[in-house]
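# Geometric and topological summary
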Amino acid sequence: MINQAESSIKNTENKNIEKTILRSKIADERGYYGKFGGAYIPEMLYPNIEEIQKAYYALQSDEEFKKEFQYLLRDYVGRPTPLYLAKRLSEKYGAKIYLKREDLNHTGAHKVNNTVGQVLLAKKLGKNKIVAETGAGQHGVATATVCALMGMECIVFMGEIDIERQQPNVARMKMLGAEVRPALSGSKTLKDATNEAMRYWINNPVDTHYIIGSVVGPHPYPEMVAWFQSVISEEMRNQLTEKEGTPNPDYVIACVGGGSNAAGAFYHYIAEKDVQLIGAEAAGMGISSGETAATIACGTLGVLHGSKTLLMQTLDGQVVEPYSISAGLDYPGIGALHAHLADSKRAKFYAVTDDEAMQAGKELALLEGIIPAIESAHALAVLNNLKEDDKDFDKKVVIINLSGRGDKDLSTYAKYLDK
């Protein structure tokens, strides 16, 4: 294994590229967020990673790419998504609560923002095949959707357990022409699907681009995925200015597994110190139960899927199998950006149990007529914590990133709530 970030790739053509907020404020030239990040990869992947790095930085100043990306986000994905004042939810908790409606995107979640960008990048690289991993299935559906749009072959790896509990999304992927391959090792969930997707990419580096769905993996993936998702906070700022006369809320809340929706929601607020960034990770049965996916609460420094970050592991470095009722949060690590935000105290992370998330999802359905993805329900559950911790919560403006819709989770909701 080599650390590509330490190899100090220097390309003169990148020197004049405008820095993004994340790179200029947090990540360094090697893809490190403080002590987290980098690229810990097999040597055979080095050319692919270098190729992607060069292409990604070039895209940031490529007006033709930006024009096509923005066109597809607007006319195909359906952006901008609304910033909705949830009046009944606000009445219950006292604060003024807005929902950023990423659930209204085409395919039903934020994931499509990234897949549109990465498929356009793959085209620039001359790749004709896409491989991806998925947990809850939303990234898989978004990838299959854009591959169908662009006429590209698509293979999606998904844990066998996730295939069973996310059947609607499996059916969507297959109808869109993707091949869904089960991951049969380990916990048979997101971690194992990621392992299988990376193995496939290592064996097929010439014609295949690997679309990582979250802000995880080797540099430049975390930075690149965050950049594609940054449209979320860009819209938030414009929309909140129209509604409240200021671009900055008091709180921005998002669920965190790997952390792509949170990275997008936080992106343009990271430098705004008066905005409190709140992440909700999956505590499962509780952080002390042994059945959890709360990486910030339970993780230690290590390397997972090509990045140095916090992950749940034994004393001898073996990955601990995560657990969450939410397939999209069932991951033993976290994106390097979020590990840094937690380590530097720039963001606060709450561990939300299955029970708390499911009740929060039910509450939103009854109060606002919106059924959230179980992932998003974890973010909603944090309202109870903030109301308890902040004595002036009734004076605050809150944005919750509603990252996905809950139709994929209806069977899980039904089984849980009927108990």
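Described below are features of the structure shown in this document. (Residues numbered from 1 in each chain as written. Predicted model: local features only at pLDDT ≥ 70, side-chain atom pairs only at ≥ 80, totals over all residues. Heavy atoms only, no water.)

### Considerations on the sheet that holds strand S5 (residues 83–85)
As summarised here, the arrangement of the six strands in space is S5-S6-S16-S11-S12-S15, forming an open sheet in which the pairing is mixed. Each having just a single partner strand, S5 and strand S15 (347–353) make up the two edges of the open sheet. Here the average twist between neighbouring strands, direction ignored, is 25 degrees. Here seven bridges tie strand S12 (residues 276–284) to S15, and the two strands are oriented parallel to one another. Paired with Glu-281 across the strands is Ala-351, a residue of S15. (Pairing = 2+ DSSP bridges. Helix = DSSP H or I, 4+ residues; strand = E, 2+ residues; numbered from the N terminus. Axes fitted to C-alpha atoms, helices over the stretch in contact; angles between N-to-C directions.)

### Quick notes on the environment of Asp-162
Inspection of the secondary structure assignment puts Asp-162 in helix H7 (residues 160–165). The class for Asp-162 is buried, based on a relative accessible area of 0%. Not counting the four nearest positions on each side in its chain, Asp-162 is found in contact with Thr-134, Gly-135, Lys-188, Thr-189, Leu-190 and Ala-327. At 2.9 Å, the side chain of Asp-162 forms a polar contact with the side chain of Arg-165. (Buried < 20%, exposed > 50% of the residue type's maximum accessible area, 1.4 Å probe, protein only. Contact = heavy atoms within 4.5 Å. Polar contact = N/O pair within 3.5 Å; in protein donor to acceptor, adjacent residues only side chain to side chain.)

### Focus on the packing of helix H3 (residues 63–77) against helix H6 (residues 138–150)
One can describe the packing of H3 onto H6 by two numbers: an axis separation of 14 Å at closest approach and a directional angle of 110 degrees. Considering the angle they form, H3 stands roughly perpendicular to H6. In this structure, H3 crosses over H6, and the sense of that crossing is right-handed. Here Glu-68, Leu-72 and Tyr-76 of H3 lie close against H6, whose contacting residues are Thr-145, Leu-149 and Met-150. Residues that form the contact of H3 with H6 fall into these classes: four nonpolar, one polar and one charged. (Parallel < 35°, antiparallel > 145°, perpendicular 65-115°, else oblique. Left-handed = near helix turned anticlockwise from the far one by under 90°. Nonpolar A, V, L, I, M, F, W, Y, C, P; charged D, E, K, R; others polar.)

### Considering the sheet that holds strand S7 (residues 129–134)
Pairing is parallel across the open sheet formed by four strands, whose spatial order is S9-S8-S7-S10. If you trace the sheet from one side to the other, it starts and ends with strand S9 (179–183) and strand S10 (208–211), each paired once. Ignoring which end each strand starts from, the neighbouring axes of this sheet average 25 degrees apart. The sheet contact formed by S7 and S10 spans four bridges and is parallel. Bridging from a neighbouring strand, Lys-129 pairs with Thr-208 of S10.

### Notes on the pattern of salt bridges
What the rule picks out here adds up to 29 salt bridges. Note that Arg-74 is salt-bridged to Asp-75, the shortest N-O span being 2.9 Å. Of the charged contacts in the structure, one is a salt bridge between Asp-390 and Lys-396, with a shortest N-O distance of 2.7 Å. Each of Arg-79, Lys-100, Glu-102 and Glu-235 takes part in salt bridges that share partners, so that together they form one network. (Salt bridge = Lys/Arg side-chain N within 4 Å of Asp/Glu carboxyl O.)

### A few points about helix H5 (residues 111–124)
The end-to-end C-alpha distance of H5 is 20 Å, a good match for the 20 Å that 14 residues give at a rise of 1.5 Å each. Residues of H5 that are buried: Lys-111, Val-112, Asn-113, Asn-114, Thr-115, Val-116, Gly-117, Gln-118, Val-119, Leu-120, Leu-121 and Ala-122. Trailing H5 by a residue or two, Gly-126 shows a phi angle of about 80 degrees, which is positive. (Expected span 1.5 Å × (residues − 1).)

### A few points about the packing of aromatic side chains
All chains considered together, the criterion is met by eleven aromatic pairs. With a centroid separation of 5.6 Å and an interplanar angle of 75 degrees, the aromatic rings of Tyr-56 and Trp-227 are classed as edge-to-face. Here Tyr-56 is found in helix H2 (residues 46–59), whereas its partner Trp-227 is found in helix H10 (residues 221–229), with 171 residues between them in sequence. Judged on exposure class, the residue Tyr-56 and its partner Trp-227 are both buried. Measuring from ring centre to ring centre gives 6.2 Å for Trp-201 and Tyr-221, while their planes differ by 85 degrees; the resulting arrangement is edge-to-face. Of this pair, Trp-201 sits in helix H9 (residues 190–203) while Tyr-221 sits in helix H10, and the two are 20 residues apart along the sequence. Given a relative accessible area of 0%, Tyr-221 falls into the buried group. Grouped by ring-pair contacts, the aromatic residues Tyr-56, Tyr-57, Phe-65, Phe-69, Trp-227 and Phe-228 constitute a single cluster. (Phe/Tyr/Trp six-rings, centres within 6.5 Å; stacked < 30°, edge-to-face > 60°.)

### Some words on the state of the cysteines
A full pass over the atoms with the stated rule returns zero disulfides. Not part of a disulfide, Cys-154 finds its nearest cysteine sulfur in Cys-147, a span of 4.0 Å. Counting only cysteine sulfurs, Cys-298 is the nearest neighbor of Cys-255, a cysteine outside any disulfide, at a range of 18 Å. (Disulfide = S-S within 2.5 Å.)

### Some remarks on the nonpolar core
Judged by nonpolar contacts, the single largest core of 91 residues is most densely connected at Met-173 and Phe-266. Contact partners of Phe-266, with chain neighbours within four places excluded, come to Val-252, Ala-254, Leu-277, Ile-278, Gly-279, His-338 and Leu-341. Formed by 37 residues, the second largest nonpolar core is a distinct cluster that contains Leu-89, Leu-329, Val-382 and Leu-402. (Core = buried A, V, L, I, M, F, W, Y, C linked by side-chain atoms within 4.5 Å.)

### Focus: the pairing of S7
The buried fraction of S7 is high, at six of six residues. Residue alternation in S7 divides its side chains into two sets, Lys-129, Val-131 and Glu-133 and Ile-130, Ala-132 and Thr-134, and both sets are buried. The pairing of S7 with strand S8 (residues 153–159) spans six bridges and is classified as parallel. Within the sheet, the bridge partner assigned to Lys-129 lies in S8 and is Glu-153.

### Some thoughts on the side chain of Lys-396
Locating Lys-396 in the fold gives a position in the loop between helix H16 (374–389) and strand S16 (397–402). Residue Lys-396 is classed as buried on the basis of its relative accessible area, which comes to 17%. Reaching out from Lys-396, the side chain makes a polar contact with the side chain of Asp-390 at a distance of 2.7 Å. Lys-396 has contacts with Ala-95, Lys-96, Asp-250, Tyr-251 and Asp-390, leaving out every residue within four places of it along the chain.

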